[in-house]
Amino acid sequence: MTPIRAIRLALFIILLIGMLGSGVELLLLNHYEDWRQWIPLILLLLGLLASGWHAVRRNALSVRVLQALFICFMASGFAGVYFHYQGSAEFKLESNPSLRGWPLFWAAVRGKAPPLLAPGAMMQLGLIGWTYTFKHPALNGAKEKGE
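Residues numbered from 1 in each chain as written. Predicted model: local features only at pLDDT ≥ 70, side-chain atom pairs only at ≥ 80, totals over all residues. Heavy atoms only, no water.

1. Some remarks on the side chain of His31
Of note, His31 is situated in the loop between helix 1 (3-28) and helix 2 (35-56). You can call His31 buried: its relative accessible area is 16%. Within polar-contact distance, the side chain of His31 engages the backbone oxygen of Gln37 at 3.0 Å. (Helix = DSSP H or I, 4+ residues; strand = E, 2+ residues; numbered from the N terminus. Buried < 20%, exposed > 50% of the residue type's maximum accessible area, 1.4 Å probe, protein only. Polar contact = N/O pair within 3.5 Å; in protein donor to acceptor, adjacent residues only side chain to side chain.)

2. Remarks on the packing of aromatic side chains
Throughout the structure, instances matching the rule amount to 8 aromatic pairs. Centroid distance Trp102 to Phe105: 5.2 Å. Interplanar angle 90°. Geometry classified as edge-to-face. Of this pair, Trp102 and Phe105 both sit in helix 4 (residues 101-110), 3 residues apart, roughly one helical turn. Look at Phe105 and you get partly exposed, because its relative accessible area is 30%. Between Phe105 and Trp106 the ring centres are 5.2 Å apart and the planes differ by 75°, which places this aromatic pair in the edge-to-face class. The ring of Tyr132 carries the charged tip of Arg8 above its face, separated from the ring centre by 5.9 Å. One cation-aromatic arrangement involves Arg36 over Phe83; the distance from NZ or CZ to the ring centre is 4.8 Å. (Phe/Tyr/Trp six-rings, centres within 6.5 Å; stacked < 30°, edge-to-face > 60°. Lys NZ or Arg CZ within 6 Å of the ring centre and 35° of its normal.)

3. Considerations on the environment of Pro40
Tracing the backbone through its elements, the reader meets Pro40 in helix 2. According to the relative accessible area criterion, Pro40 is buried, its value standing at 12%. Separated by 21 residues in sequence, Pro40 and Met19 place their C-alpha atoms 9.9 Å apart. Other than its neighbours up to four places away in sequence, Pro40 contacts Leu26, His31 and Met122. (Contact = heavy atoms within 4.5 Å.)

4. A short note on the packing of helix 1 against helix 2
The geometry of helix 1 relative to helix 2 is characterised by a closest axis approach of 10 Å and an angle of 150° between their N-to-C directions. In terms of orientation, helix 1 and helix 2 fall into the roughly antiparallel class. As for how helix 1 packs across helix 2, the hand of that crossing is left-handed. Side by side, helix 1 and helix 2 meet where Phe12, Leu16, Met19, Leu20, Ser22, Gly23, Leu26 and Leu27 of the first sit next to Pro40, Leu41, Leu44, Gly47, Leu48, Ser51, His54 and Ala55 of the second. Residues that form the contact of helix 1 with helix 2 fall into these classes: 11 nonpolar, 5 polar and no charged. (Axes fitted to C-alpha atoms, helices over the stretch in contact; angles between N-to-C directions. Parallel < 35°, antiparallel > 145°, perpendicular 65-115°, else oblique. Left-handed = near helix turned anticlockwise from the far one by under 90°. Nonpolar A, V, L, I, M, F, W, Y, C, P; charged D, E, K, R; others polar.)

5. Notes on helix 5 (residues 120-133)
Given a rise of 1.5 Å per residue, 14 residues ought to cover 20 Å, and the 20 Å separating the end C-alpha atoms of helix 5 matches this to within 8%. All of the buried residues in helix 5 are Gly120, Met122, Met123, Leu125, Gly126, Gly129, Tyr132 and Thr133. Residues of helix 5 that are buried in the fold lie against helix 1, helix 2 and helix 3 (60-95). Note on helix 5: the residue one or two positions beyond its end, Lys135, has a positive phi of about 50°. (Expected span 1.5 Å × (residues − 1).)

In structure tokens form, the structure reads like this:
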């Protein structure tokens with residue numbers, strides 16, 4: 001196995017473990033109370049299904065589907081940070097309605113519920129996945145054995 005194949009395989013395994021772990025964590029945290037909370041769960045499920053398809057049949061279409069999903073992972077991570085900030089700011093305003101401007105911003109950023117940067121995990125998974133698919137041999141019609 002060439003070094004690039006080994007790296008690609010390692011990225012794929014890390015990605016699978018990360019998607020599984022993130023999905024389980026979100027389920028254990030009951031992260032499905034609101035339609036927006038379903039977005040990462042659905043994306044993770046689609047990511048796992050598409051990864052399974054890709055593992056069985058490494059072709060250009062499976063790589064392109066993965067790339068599209070990983071872009072969605074990154075977008076959902078950015079949206080999640082926004083939604084978590086919004087939720088934290090609302091919570092801080094309930095406990096202290098006089099907060100405005102920078103004091104509100106800093107209180108929301110430092111809040112523990114919801115954790116502001118937790119959606120960054122989706123961004124990381126998207127970046128790992130995008131790195132895995134970058135210049136993937138299947139895009140050139142080649143099959144890479146040993147992945």
